[in-house]
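# Breakdown of the fold
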Amino acid sequence: MTTFPSFKFTSIKCFRPSNFRMRKKRLTGFRPSRIDPKYIDPKYSRDHFDTRAVHAGQIPDGITGAVVPALSLSTTFVQEAAGVHKGFEYSRSGNPTRAAFETAVASLEGAKHCLAFASGSVTTATVLNLLQSGSHVIAVNDVYGGTFRYLTNVANSNGIQVDFVDMFDPENVRRHLKTNTRLIWVESPTNPTLRLVDIAAVAKIAHSHPNCILVVDNTFMSPYFQNPLNLGADIVVHSVTKYINGHSDVVMGVAVTNSDPLFKRLAFLQNSIGGVPSPFDCFLANRGCKTLAVRMRQHQENALFVAHYLESSPFVERVIYPGLKSHPQHELALKQCSGFSGMVSFRIKDGNLARSNKFLSSLRLFCLAESLGCVESLAELPAVMTHASLTPEVRKSIGVDDGLIRLSVGVEDKRDLINDLGQALEKAMRVTSKL
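Scope of this entry: the structure provided in the associated data block. Computed from a predicted structure; not experimentally measured.

Another point: the side chain of R406. Tracing the chain through its elements places R406 in strand β15 (residues 404-408). Judged by relative accessible area, which is 2%, R406 ranks as buried. A distance of 2.9 Å separates polar atoms of two side chains, one belonging to R406 and the other to N191.

Here you go:
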């Protein structure tokens, strides 16, 4: 049985529902998610993912009957008496549009609680603020560049010790445990090398250690293809900017959990730090969420087609995609995921910066841009873009060099995508000079 870290709570809200009203005592920060019973949707709990994506948290307007929940831009809410309100008092602490979105994502991850944040980065920062100075964190060695930057330049300044560990063999995690290890941070697949971590195995190791929790960044897979809470994770985080929203028009993040103590502490930190998303961003992300299942199926179909094409190209040295049998952890992908997502990485033949740049600049449909998980296809060079914050030594150790290209395969016609890749590869092969 997992023992969670002990957290101190000061002046926590004490709620007592009565006719959808919330009576409060002295309030200083903590806000429970979905505080109004109408945001809890037990009638959808037995439905399939596609149905929950459309309906969970989506309560028709009680006055007009509008099918789409209204966008609530208000920063404050009228109270019927001092301390007597209908579930919302101030939008940093809670907002109807945000609550609807949180309910939807919780349903898709099979979670009891969800908290939305202004970005994936502030989600990471808030989760790591669970730890006290002197705590030790074990993070996967090829972690996202922004997470690496926070752990090495911010968290360490706050007294957090960090070890970056190769988790190909889960037992390597056990070998790096210390008496003060309080959190293990996993990405699976990792960004951008698409290595997998056996989440269930690492969860057992984490929970065998006193007061240690497992956090899994599930951004690359989305809730459609992987649910880490079911594999033993204590907290799951997403950059909503990517697949959940899916349209390159929102920067946002979420954290989900089934643990009441962790949720209460995270909710307190969310309100105290204040890194909350705007209602409009929640409205857009909620809309994107409704088509998540449809989009993920198309992302995967296209990505597998692209991966097979690249694998057959004489201009490509290696293709990295968990859906390929050639991926060294293909069997693990089949075991812990229900699909493979839309992320493909590959090494261009005799790769160097000049050749990679020629390939990227010759693309017509793939946009040369950071981010991922959107309807349009994107391509980038991690070594000088998303992972430039890693030291050269770290990049070299995990294989992020000038020849590694990352693709976020969109939902365009897959035939057009491989035609675009083919003509760009041919042009790149004409480059012989190195920069």
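At the junction of S188 and P189, the peptide bond is cis and its omega measures out at 0° in the coordinates. Here P189 is to be found in the loop between β7 (181-187) and α6 (199-207). In this structure, P192 follows N191 across a cis peptide bond, with omega equal to 10°. Its location among the elements puts P192 in the loop between β7 and α6. If you check the backbone angles, S248 has positive phi at about 60° while not being a glycine. Tracing the backbone shows S248 in the loop between β9 (235-239) and β10 (253-257).

For the structure shown, the criterion picks out six aromatic pairs. These aromatic residues form a ring-pair network of at least three members: F49, Y224 and F225. One Lys or Arg, K414, reaches over the ring of F305 and ends 4.9 Å from the middle of that ring.

Between its first and last C-alpha atoms helix α14 (residues 414-428) spans 21 Å; for 15 residues at 1.5 Å apiece the expected length is 21 Å, and the two agree. Taken residue by residue, α14 has L417, I418, D420, L421, G422, A424, L425 and A428 as its buried positions. Against α10 (292-312), β11 (316-320), β12 (343-348), α12 (353-362) and β15 lie the buried residues of α14.

Cut-offs used in this document
Residues numbered from 1 in each chain as written. Predicted model: local features only at pLDDT ≥ 70, side-chain atom pairs only at ≥ 80, totals over all residues. Heavy atoms only, no water. Helix = DSSP H or I, 4+ residues; strand = E, 2+ residues; numbered from the N terminus. Buried < 20%, exposed > 50% of the residue type's maximum accessible area, 1.4 Å probe, protein only. Polar contact = N/O pair within 3.5 Å; in protein donor to acceptor, adjacent residues only side chain to side chain. Phe/Tyr/Trp six-rings, centres within 6.5 Å; stacked < 30°, edge-to-face > 60°. Lys NZ or Arg CZ within 6 Å of the ring centre and 35° of its normal. Expected span 1.5 Å × (residues − 1). Contact = heavy atoms within 4.5 Å.

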